[in-house]
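Structural overview
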Amino acid sequence: MFAVDGSFERRLAQNFDGLSARLREAADYVAQNPVDIATRSLRAVAQDTGLAPATFSRMARAIGYDSFEDLRAAMRDMIGRRVDSFAERAASLQDAHAAGETGFFDAHLGACMANLQRLGGEIDRDLLERTVDRLHSARHVRLLGALGSTGVVEYMAYIADFCAEGWSMTGRMGASLGAGLTGLDARDALIVVTKPPFASRSIAAAGLAAERGAFVVVITDTHACPALRHASAGFVVPTGSPHFYSSYVATMVLVETMIGMLVGRAGPAARERIAQVEESNRRLSEVWAG
């Protein structure tokens, strides 16, 4: 599978809210099928999708391309610079080390800083405020992450548990995912963190929670993420890195920001709960008291 070209993804993220439903449908198809866009005629693509050729042309102009042909050229360039698999990227790191290259720290640090700058410039702050408002008012908030996203979600659940009741991980360590989602309705929320390669259970859980009326928050790094179609609020976070694996630095900043905003809304109750948790930890000797 090919990853979406960075410039296309940035343009789409910056203009997505202003697209009509039809233009969003066209953009989603481009994001998920870059090879088709690069190699097939616009007429053939339009016939397969049921969308008019003019819809794809309007979408391309709406996100900053001069024409659909310019967008097609970007897809062809992206395919020419195919994103390597984890194993291939690891081999590149090993080759660099064998060649005596020692600049990985600076390269990785620079990529992480660039990701944070992009996050700050691209995130929809109004959407973020509305999302935290909805999480604050939710009866239950379930958190789900699989594969590489598991640790991030576990950390989010850990810090949320200090200040808010009703937040918990679901499907953790063999626990039934179905049991964790049972009973969710419009009073509840589900937060899903998922990055390529996407975990099937995360996509399915987002769909089931949305079907039951829950407020679904999806945090990912590409508009091609299948879970976004089920999202009440979706956040596409940059993860570029010279590492063999995608960087989660910007994702962690977003997670910490959301919990910080949650505490700001919680008032005295949150302060009291945090103090009680700290006291319980001391009494149970869970923290070093020396």
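A brief structural summary. (Residues numbered from 1 in each chain as written. Predicted model: local features only at pLDDT ≥ 70, side-chain atom pairs only at ≥ 80, totals over all residues. Heavy atoms only, no water.)

Let us look at the packing of aromatic side chains. Evaluated as defined, the whole model comprises 2 aromatic pairs. Residues Y29 and F56 carry aromatic rings whose centres are separated by 6.3 Å and whose planes lie at 80° to one another, so their mutual orientation is edge-to-face. Here the residue Y29 occupies a position in helix α2 (residues 21–32), and F56 occupies one in helix α5 (residues 53–62), the gap between them amounting to 27 residues. With a centroid separation of 5.9 Å and 75° between ring planes, the pair formed by F56 and F68 is classed as edge-to-face. On the criterion of sequence distance, the pair formed by F56 in helix α5 and F68 in helix α6 (residues 68–80) is long-range, its members being 12 residues apart. Taking the relative accessible area as the measure of exposure, F56 reaches 0% and is therefore buried. F68 gets classed as buried once you look at its relative accessible area, which sits at 4%. (Phe/Tyr/Trp six-rings, centres within 6.5 Å; stacked < 30°, edge-to-face > 60°. Helix = DSSP H or I, 4+ residues; strand = E, 2+ residues; numbered from the N terminus. Buried < 20%, exposed > 50% of the residue type's maximum accessible area, 1.4 Å probe, protein only.)

With 6 of 6 residues buried, strand β4 (residues 215–220) lies mostly within the body of the structure. Here β4 shows no split at all, with F215, V217 and I219 on one side and V216, V218 and T220 on the other all buried. Relative to β4, strand β3 (residues 189–193) runs parallel, the two sharing 5 bridges. In the strand pairing of β4, A189 is matched with F215. Read from β3 through helix α12 (residues 200–211) to β4, the crossover connection turns out right-handed. (Pairing = 2+ DSSP bridges. Right-handed = clockwise from strand over helix to strand, strands pointing away.)

Shape descriptors only; they carry no functional weight alone.
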